[in-house]
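Now for the letters of each chain:
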Amino acid sequence: MTDPFFKPVSGMDLPRFAGVPTFMRLPYVAPDDPRRAEVDVGLVGVPWDGGTTNRPGPRHGPRQLRDASTMIRAQNGITMVRPFETLKCADLGDVGPNPVDLQDSMQRITTFYEGLVAQNIRPLTAGGDHLTSLPVLRALAANGPLGMVHFDSHTDLWDGYFGGHKYTHGTPFRRAVEEELLDPKRVVQIGIRGTMYDLEDRDFAKAVGIRIIPIEEFMARGVTEVMAEAREIVGSEPTYVSYDIDFVDPTFAPGTGTPEVGGPNSFEALWVVRELAGLNIVGADMVEVSPPFDASGNTAFLGVSVMFELLCVMA
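As the structure is a computational prediction, the values presented were derived from the model and not from experiment. (Residues numbered from 1 in each chain as written. Predicted model: local features only at pLDDT ≥ 70, side-chain atom pairs only at ≥ 80, totals over all residues. Heavy atoms only, no water.)

**Student:** Mind showing me how you'd approach the packing of helix α3 (residues 102–118) against helix α4 (residues 133–140) here?
**Tutor:** When two helices pack together, their arrangement is given by the angle between the helix axes and by the axis-to-axis distance. Taken N-terminus to C-terminus, the directions of α3 and α4 make an angle of 35°; their axes are 8 Å apart at the nearest point. In this structure, α3 meets α4 at a crossing whose hand is right-handed. In this structure, α3 uses Met106, Ile109, Thr110, Tyr113, Glu114 and Val117 to contact α4, whose residues at the interface are Leu134, Pro135, Val136, Arg138, Ala139 and Leu140. In terms of residue class, the contact of α3 with α4 is built from nine nonpolar, one polar and two charged. (Axes fitted to C-alpha atoms, helices over the stretch in contact; angles between N-to-C directions. Helix = DSSP H or I, 4+ residues; strand = E, 2+ residues; numbered from the N terminus. Left-handed = near helix turned anticlockwise from the far one by under 90°. Contact = heavy atoms within 4.5 Å. Nonpolar A, V, L, I, M, F, W, Y, C, P; charged D, E, K, R; others polar.)

**Student:** What's the story with the sheet that holds strand β3 (residues 122–127) in this structure? I'm lost.
**Tutor:** Overall, parallel pairing links the eight strands, which are arranged β2-β1-β3-β8-β7-β4-β5-β6 in an open sheet. The sheet terminates laterally at β2 (89–94) and β6 (211–214), the two strands that pair on one side only. Sheet twist, expressed as the mean angle between neighbouring strand axes with direction ignored, is 15°. Sheet analysis places strand β4 (residues 146–151) next to strand β7 (residues 239–244), joined by five bridges and oriented parallel. From the neighbouring strand, Met148 faces β7, where its bridge partner is Tyr240. The sheet contacts of helix α1 (residues 61–68) involve β1 (41–46), β2 and β3, and relative to β3 the element is tilted by about 110°. Taken strand by strand, helix α10 (residues 298–314) contacts β1, β2, β3, β7 and β8 (281–287), and its axis lies near 175° from that of β8. (Pairing = 2+ DSSP bridges.)

**Student:** Can you walk me through helix α6 (residues 200–208) in this structure?
**Tutor:** The α-helix advances 3.6 residues per turn, and as a result positions three or four apart in sequence lie on the same side. Burial in α6 covers these residues: Asp201, Phe204, Ala205 and Val208. On an axial view of α6, the arc spanned by its buried residues comes to 100°, and they lie on one face. Seen from the open side of α6, the exposed residues pointing more than 90 degrees away from its buried face are Lys206 and Ala207. Gly209, located one to two residues past α6, shows a positive phi value of around 100°. (Buried < 20%, exposed > 50% of the residue type's maximum accessible area, 1.4 Å probe, protein only. Arc of directions from axis to C-beta.)

This is the structure:
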C-alpha cells in the first residue's frame, strides 16, 4: 500500500512538537470525508469516564494519548512490522459523549461504532474508562458473540454498585456476557490482582466458563506460556482485545484511576500484545489512562505504545 494520504507525517518532515496532534500523526478523516470508506483500521477517541466509581480523569485520556503518540514511528523495532504499509489507518476523531447522561453516552458510542461496522472499519479505541468497552461491543457483536483477551488487574465482572446500579467501569463484561456480546468460554482475563470486596466476580466467571489468570500464575508461568493458552482459548474466531492500563504495575503506569501494585513491567506490557499475532482481531481498546494522576505523561506514552503494538498485530 503506497497511498501517501494514509501515511503518518514523518518526524523527518515536520518536527514532532509541531502540527496538530492526531493519533500517530495519521490523517484525520471526518465522518463526511469520501475517503472514510477506504479506511481499514480507524483510531477513535472516547473521552468519557461516566462509569468511574472513584478517581475520575480518563475522559482526558484520548487527548493526552494523541499528544504522546507523536513519538510513534513507522516500524516496530522488535517484530519489524510496518502497519501503515499494509493497512489504511486514520484518526477518525472522538465520539462526543453526553457528560451528564450515562445511558445517552453509551447509545452515542454504539451508534458511532455501528457506522464503522457498516463501512468494514476495524476500530482501535482510546478510552475513556472501562465501561466504554460495553457500547463498543454492542456494535461489534451485532452478528454474534465475540471472544476476548482482556488485560487488567480487575475482572470488571461485578453485577452492580451502590445498591444495584448496573453500569460502571467495574461491570462492563458482566453485562456483555448477559447480553450475549461475549462468548464466556472464549474469554480470558490476564493479570488479575489486588484486594477484593468478595468472590462474586470470580464465582460468576467460574459459573459461565471465563478463564481468569491471576498475576501469581502469570508470573510463575511466564508470558510465552500464558499467551499460548490465551490464543488457544479464543481460537481463530472473531476476537476483541481490551487492555486496561492498570494491568501494568503503577511504578510504570501511575496515571490510572484504580492502580494495583504487583503487576507486569512496561516490557511485559508490550510483550503480551506481540503474542496476539495471528488472532482474528475485530477491534481493540486501550482504556483507563488518566492524565491528572501522571503529570509526566509517561502513562500515556506507554498506553499509546501498547496501541501501536495492537495495530501491528491487527496488521
